[in-house]
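Each chain, letter by letter, is given below.
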Amino acid sequence: MSNQKYETLVSILQDMKKVVVAFSGGVDSTYLLHVAVHTLGVDNVLAVTADSETYPSSELEEAKRLAEHIGARHQVIETSELAIPGYTENDRNRCYFCKNSLFDHLVPIMREKGFENIVYGVIADDMNEYRPGMRAAKEQGVRGPLAEADMYKEEIRELSKKAGLPTWDKPHSLVYPPE
């Protein structure tokens, strides 16, 4: 991978100035958080993890450890995906409802704490798949810097490994859908 994509990612983040990172602790959001903290500084980045009945407690604990490893400020919020209208029907738009609810929770945090943007770990691979959560992000002005920099999963894994992030080889979770 060329350094051009990394430099593009850094430039995108610099233009945003202050970001709230929707942080699941997966490969993509961990790398995004790492680059955001290194680019913008710890005071200009806040990782937020949504804890709900569908998010395994082991994943929450790992997200906490990862945020600490990166040196990021981290906030855990309580949500209830099972209470979201449309989510429990488990149809092909479930991720729209889930992400829309997540972003509904993050927007007030962003405003209250004086941040300017919300970002999440959507990647270039996702652009060719049906991802209803991307529609929710677009509607709420949430950005995906990794996708904007045209970064693919294998590139993110490679860069994560070079950065010493323990998630570089983390398997894809079937329990908690990505996006």
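Reading the values: the criteria
- Residues numbered from 1 in each chain as written.
- Predicted model: local features only at pLDDT ≥ 70, side-chain atom pairs only at ≥ 80, totals over all residues.
- Heavy atoms only, no water.
- UniProt positions renumbered as here; feature names shortened; annotations may be inferred.
- Helix = DSSP H or I, 4+ residues; strand = E, 2+ residues; numbered from the N terminus.
- Axes fitted to C-alpha atoms, helices over the stretch in contact; angles between N-to-C directions.
- Parallel < 35°, antiparallel > 145°, perpendicular 65-115°, else oblique.
- Left-handed = near helix turned anticlockwise from the far one by under 90°.
- Contact = heavy atoms within 4.5 Å.
- Nonpolar A, V, L, I, M, F, W, Y, C, P; charged D, E, K, R; others polar.
- Buried < 20%, exposed > 50% of the residue type's maximum accessible area, 1.4 Å probe, protein only.

**Here's the deal with the UniProt feature "domain: NAD/GMP synthase" (unreviewed entry) in the protein chain**
And then number 1: Following the UniProt record, the feature "domain: NAD/GMP synthase" (unreviewed entry) maps to residues 15–80 here.
And then number 2: Within the segment residues 15–80, helix and strand shares are 45% and 26% respectively, and the terminal C-alpha atoms sit 33 Å apart.

**Things to note about the packing of helix α4 (residues 94–112) against helix α5 (residues 132–140)**
And then number 1: Packing of α4 against α5 brings their axes to within 7 Å, and their N-to-C directions diverge by 30 degrees. One way to sum up the angle between α4 and α5 is to call them roughly parallel. Helix-helix and strand crossings are classified by hand; for α4 and α5 the assignment is right-handed. For the pair α4 and α5, contact is made by Cys95, Tyr96, Lys99, Asn100, Phe103, Asp104 and Val107 and by Pro132, Gly133, Arg135, Ala136, Ala137, Glu139 and Gln140, respectively.
And then number 2: Its residues assigned to classes, the contact of α4 with α5 shows seven nonpolar, three polar and four charged.

**Comments concerning the side chain of aspartate 126**
And then number 1: For aspartate 126, the location among the structural elements is in the loop between β4 (117–119) and α5.
And then number 2: What makes aspartate 126 buried here is its relative accessible area of 6%.
And then number 3: Among residues more than four places away in sequence, those in contact with aspartate 126 are Gly121, Arg131 and Met134.

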